[in-house]
Amino acid sequence: MTDNRDPAAGVTARQFTDDLLDAAADGAHDEVTGAVAVLARAGPTRVAAEVADELVGRCAAAIGPRWNDAFFTVVVEDAAGRAAEVERLPPGPRAALRALLAALNDDQPSRDIHIELATRGRPADLVAVFTHLVVWYLELSGPADLPFLSCFTE
């Protein structure tokens, strides 16, 4: 996937995202890791923001139709199931989560701001953002009535 699907080499964000999510759904972890590494090596660029925006849109599309006209929020819990502060999330994934909530609540300006915030960190930060978004997409695409989003703290 990463050999011919580098978004910096002219592949669209949609094509790259399609391949990334297909690989994740198929359990092709090496391909997913390679694709995320390509994005992280590119650094905080327009390409990273486009892919993150595409992933946020896919996550929102996976859950939105289940609850028409709902207002979306999240409750964050730690590993023991106790309430936790959203601020415990690393900055990039925290911004990605807020972008997802903005997308679900049809708040495009907020979504745009949070996508930019999510994708302007160091390569390791970008890896965390894209890892969260891929995991969230897989979780949201599942059959569960109430979605559960895995969040990995620093």
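On a predicted model such as this, the values are computed, not experimentally measured, just so you know. (Residues numbered from 1 in each chain as written. Predicted model: local features only at pLDDT ≥ 70, side-chain atom pairs only at ≥ 80, totals over all residues. Heavy atoms only, no water.)

A. Just helix α3 (residues 46-63), in detail. For α3, with 18 residues, the first-to-last C-alpha span of 26 Å sits near the 26 Å given by 1.5 Å per residue. In terms of residue burial, α3 counts as a mostly covered element, since 13 of its 18 residues are buried. (Helix = DSSP H or I, 4+ residues; strand = E, 2+ residues; numbered from the N terminus. Expected span 1.5 Å × (residues − 1). Buried < 20%, exposed > 50% of the residue type's maximum accessible area, 1.4 Å probe, protein only.)

B. Geometry of the environment of P93. Checked against the element boundaries, P93 lands in helix α4 (residues 91-104). Here the alpha-carbon distance between P93 and A118, two residues 25 residues apart in the chain, equals 6.5 Å.

C. View of the nonpolar core. Core analysis: the largest hydrophobic core is formed by 42 residues, its most contacted members being L20, F130 and L133. Mapped by element, the contributors of at least two residues to this core are α1 (13-25), α2 (29-42), α3, α4, α5 (108-118) and α6 (123-140). The dominant element in this core, judged by the number of residues it contributes, is α3, at eleven residues. (Core = buried A, V, L, I, M, F, W, Y, C linked by side-chain atoms within 4.5 Å.)

D. View of unusual backbone geometry. Despite not being glycine, D106 has its phi angle at roughly 55°, a positive value. Relative to the assigned elements, D106 resides in the loop between α4 and α5. A residue is classified by how much of its surface remains accessible, and D106, at 72% relative accessible area, is exposed.

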